Amino acid sequence: MANEHLRSLRSTLEWLKKDGLVLETDREVDPKCEMTALQKRMDGGPPMVFNKVKGYDNARLATNVFGSDKIVAKMFGCKDRKELKFKIHEGILNPMEPRIVEDAPCQEVVIDKNIDVWPVIPMVQHTLKDPGRTLGAGKTLAGPKQFWGGWHISYNRMSFREDLHWKDKSTFQISPGSHTDQIATHFYKKEPIPFSINIGIPPAATLMAGAGFMYTIIPRGFNELGIGARMQGFPLDVVKCKTIDAYALAEAEYVIEGYLDTTKKLWESPLAEKDQMQGVYPFHPEWSGYFGKAYRTWQFNVTGITHRKQKPIYDPLCVHSYDDHNIDVLVREACFFELAERVSPGFCIDTHIPMCIPDWGGVLFQVKKRRARDEGYPRNILAAALSCSLGARFAMVVDPDINLYSMDDIMWAMSTRVDAQDDIMVVAPGGMGQTFQPAERSSAGEKQWTQSNIRFSGAIGIDATVPYQYQDAFERASYPIELVKLEDWFTNDQIKLARSYQEDYAKWFSESGI
């Protein structure tokens, strides 16, 4: 079967090893800060696998799996990030149902008595400011009974409180407004909510777990697993859990089964609990590039742990890294494209979320004006995008002659094409923001820095497109580079040396003639 290597995380890593695209080591790594420090040293690089984990004889760590978008594109049989984006877009339009199986690798070992997560799962500590090791690699799976007939998957940070050594209960952080929050709201204080927490899952499922806050395109009750299945070319397998009425991803490395109890709350850190203060004390870093803050969350009760028998893989990631960023934005880029398509079919030709616009923080659109009456569409798209995606603070629309993947060229467009009075708009001031953004969190002032007390200052939308009637006046200067070949004047070594001094923007100039 084509793309069979995508069936599981471990098969994907083995496939990448054949091309030398995995950094693998047998030297022992400490899950306390050492692994995340190593990943940060290789941020944006290839996947890393640690075969020996301090304190865990039967476990491995894998990280940076999505650190390079070039490697991710190769994984899914695409030439680059742009082609992968449109493959994901096809999955949004034509999702594939998951396949329910009876037997699964994730259930080779079943622990349903004397449960203690600590000796089983090698949770990591991100930074020296963290309140200990936490579980950030879990992807929550909700099935049709919980998600209005569909399938939902998301990241939810969990803390088993290393200082208290909780064996079978944890905090469970939910982003306000998210699909998981909608589920919790629906079942609030009515009944425990069965969830499986899946770790080390197929790459397509991981990408879907990061695809939050695009609910106009991926609404409540949608088959989110179906997008991932279409991306990989075959169904994602799910299996009935052993201890709860729910499903798990069959190819996962570890699964934690249990219930979310919305009648009980737990503190994420000892300092927050001591002072009874939310949104003040540090947790691990968050996607916005700032330290996360500790909160009081609902309680998750563990009823069972299942895992693969042979060296299961725990796959944590540095939050606010290229690994985390690509997981969070690749599907969102495709969703923003579909949103623009619904505003004006055929007008948008590409979308991109660069690392400097962190994760859920915004988006860039590239459009092609076809006639004078297309002038208003950039504003429609900006308003729609920034209103629909909670926490987004910036969006910009550019023309086809701008390199959407170069922030240098984006800044050039902003500085040469934007009318400060007419082309900058503030969208949804006073609306719903996110507490992961300090700019919103601090708006609570002297009150507790929680979602109910913050106010969104509004998002910035910028139309950096050229007025249709003046396109000739904005023609970019270009040089006839096709007339020459460097090899006719210089040796390959001279050319290689010269190119080593060129910045990325200069290299694009040299390749495009601009």
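The shown structure was predicted, so the numbers you read here are calculated from the model rather than taken from an experiment.

Basis of the calculations
- Each chain has its residues counted from 1, following the order in which its sequence is written.
- For this predicted model, a pLDDT threshold of at least 70 governs which residues receive local features, and a threshold of 80 or more governs which side-chain atom pairs are given and counted, while totals over whole chains, interfaces and linings are taken from all residues.
- Computation of side-chain values covers all heavy atoms of the structure but excludes hydrogens and water.
- Per the convention used, a helix needs a DSSP run of H or I reaching at least four residues, while a strand needs a run of E reaching at least two, with both numbered from the N terminus.
- Values of the radius of gyration come from C-alpha atoms, whereas the globule rule sets the reference at 2.2 Å times the count of residues to the power 0.38.
- Working definition: with a 1.4 Å probe on protein chains only, accessible area under 20% of the residue-type maximum means buried, over 50% means exposed, and in between means partly exposed.
- Positive charges come from Lys and Arg, negative ones from Asp and Glu, while His and the chain ends are left out of the count.
- By convention, the point assigned to a charge is CZ for Arg, NZ for Lys, CD for Glu and CG for Asp.
- By definition here, a salt bridge exists when the distance from a side-chain nitrogen of Lys or Arg to a carboxyl oxygen of Asp or Glu is within 4 Å.
- Pairs of N or O atoms within 3.5 Å make up the polar contacts considered here, provided that, within protein, one atom can donate a hydrogen while the other can accept it, and that residues adjacent in sequence are counted only when both atoms are side-chain atoms.
- What counts as a ring pair is set by centres within 6.5 Å for rings of Phe, Tyr and Trp (its six-membered ring), and what kind of pair is set by the plane angle: stacked under 30 degrees, edge-to-face over 60, tilted for all other angles.
- By this definition, two strands are paired if DSSP reports at least two bridges between them.
- Every residue pair with non-hydrogen atoms within 4.5 Å of one another is taken to be in contact.
- Convention adopted: a line fitted to C-alpha atoms gives each axis, helices being fitted over their contacting stretch, and angles between N-to-C directions are expressed from 0 to 180 degrees.
- Like charges are joined within 9 Å and nonpolar side chains (Val, Leu, Ile, Met, Phe, Trp, Tyr) within 5 Å, but only among residues with over 30% relative accessible area and no salt bridge; these make up the patches.
- The protein chains shown are the only cover counted for residues, whose accessible areas, like all others here, come from Shrake-Rupley with a 1.4 Å probe.

**What to know about the overall build of the protein**
1) Next: What the protein contains, in helices and strands, is 14 helices and 21 strands.
2) Next: Its C-alpha atoms give the protein a radius of gyration of 24 Å, within 12% of the compact-globule value 24 Å for 514 residues.
3) Next: When the backbone C-alpha atoms are referred to their principal axes, the protein occupies close to 75 × 55 × 45 Å.
4) Next: A total of 514 residues make up the protein; the buried ones form 57% of that total.
5) Next: Averaged over its 60 positive side-chain charges, the protein has a centre that lies 4 Å from the centre of its 67 negative ones.

**A short note on the pattern of salt bridges**
Opposite charge on two side chains permits them to pair, given that their charged atoms come into close proximity.
1) Next: One pass over the structure, following the stated rule, counts 33 salt bridges.
2) Next: Taking the shortest distance from any N to any O, the salt bridge between Arg-308 and Glu-251 comes out at 2.7 Å. A residue pair is termed long-range when its members are at least 10 positions apart, and Arg-308 in the loop between β15 (296-307) and β16 (313-314) and Glu-251 in the loop between β11 (247-249) and β12 (254-267) qualify at 57 residues.
3) Next: Put simply, Lys-274 and Asp-275 hold a salt bridge, and the shortest N to O gap is 3.6 Å.
4) Next: A relative accessible area of 33% means that Asp-275 is categorised as partly exposed.
5) Next: What you see here is one network of salt bridges that share partners, running through Glu-4, Arg-7, Arg-99 and Asp-237.

**Some remarks on the side chain of Asn-156**
1) Next: Mapped onto the elements of the fold, Asn-156 is located in the loop between β7 (152-155) and β8 (169-172).
2) Next: For Asn-156, a relative accessible area of 3% translates into the label buried.
3) Next: Engagement of the side chain of Asn-156 in a polar contact is seen with the side chain of Thr-140, the distance being 2.8 Å.
4) Next: At 3.0 Å, the side chain of Asn-156 forms a polar contact with the backbone oxygen of Gln-173.

**Notes on the packing of aromatic side chains**
1) Next: Taken as a whole and assessed by the stated rule, the structure comprises 14 aromatic pairs.
2) Next: Consider the rings of Phe-147 and Trp-148, whose centres lie 6.0 Å apart with planes at 65 degrees: the pair is edge-to-face.
3) Next: Relative to Phe-509, the ring of Tyr-505 has its centre 4.4 Å away and its plane inclined at 45 degrees; by these criteria the two rings are tilted. Here Phe-509 and Tyr-505 lie together in helix α14 (residues 504-512), a separation of four residues that amounts to about one turn.
4) Next: Given a relative accessible area of 15%, Tyr-505 falls into the buried group.

**Section: the sheet that holds β16**
1) Next: Strand order across the open sheet formed by four strands is β1-β2-β3-β16, with mixed pairing between neighbours. Each edge of the open sheet carries a strand with a single partner, namely β1 (23-25) and β16.
2) Next: Helix-sheet contacts for helix α2 (residues 34-41) involve β2 (48-50) and β3 (60-63), and the interaxial angle to β2 is about 155 degrees.

**Regarding a nonpolar patch on the surface**
1) Next: On the surface, Leu-483, Val-484, Leu-486, Trp-489 and Phe-490 cluster together to form a nonpolar patch covering roughly 560 Å² of accessible area.
2) Next: Locating Trp-489 in the fold gives a position in the loop between β21 (459-463) and α13 (492-500).
3) Next: Exposure remark for Trp-489: the relative accessible area of 59% places this residue in the exposed category.

**Topic: the environment of Asp-419**
1) Next: Mapped onto the fold, Asp-419 is located in the loop between α11 (407-417) and β20 (424-427).
2) Next: In this structure Asp-419 comes out as partly exposed when scored by relative accessible area, which is 34%.
3) Next: Considering only alpha carbons, one finds Asp-419 and Ile-462, 43 residues apart in sequence, at a separation of 9.3 Å.
4) Next: A distance of 2.8 Å separates the side chain of Asp-419 from the backbone nitrogen of Gln-421, its partner in a polar contact.
5) Next: Within the local environment of Asp-419, its side chain forms a polar contact with the backbone nitrogen of Asp-422, the two atoms lying 3.2 Å apart.

**Observations concerning the environment of Asn-58**
1) Next: Inspection of the secondary structure assignment puts Asn-58 in the loop between β2 and β3.
2) Next: Given the relative accessible area of 35%, Asn-58 is considered partly exposed.
3) Next: On a C-alpha basis, the gap between Asn-58 and Ile-313 in space is 9.2 Å, while along the polypeptide they are 255 residues apart.
4) Next: Excluding its chain neighbours within four sequence positions, the residues that come into contact with Asn-58 are Tyr-254, His-307, Lys-309, Gln-310, Lys-311 and Pro-312.

**Notes on the pairing of β15**
1) Next: Most of β15 is tucked away: nine of the twelve residues are buried.
2) Next: Two elements, strand β5 (residues 109-111) and β15, share three bridges in a ladder whose sense is antiparallel. By the bridge assignment for β15, Ile-111 is matched with Ile-305.
3) Next: Sheet topology note: the β8/β15 ladder contains four bridges and is antiparallel. Counted as the bridge partner of Phe-172 is Trp-298 from β15.
4) Next: By the bridge criterion, eleven bridges tie β12 to β15 in an arrangement that is antiparallel. Bridge pairing links Tyr-254 to His-307 in β15.

**What to know about the side chain of Asp-315**
1) Next: You can see Asp-315 is positioned in the loop between β16 and α9 (322-343).
2) Next: A relative accessible area of 10% places Asp-315 in the buried class.
3) Next: For Asp-315, the side chain forms a polar contact with the side chain of Lys-139, separated by 2.9 Å.
4) Next: At a separation of 3.0 Å, a polar atom in the side chain of Asp-315 contacts the main-chain amide nitrogen of Gly-200.
5) Next: For Asp-315, the contacting residues outside a window of four places in its chain are Leu-9, Ala-62, Ala-137, Lys-139, Ile-199, Gly-200 and Ile-201.

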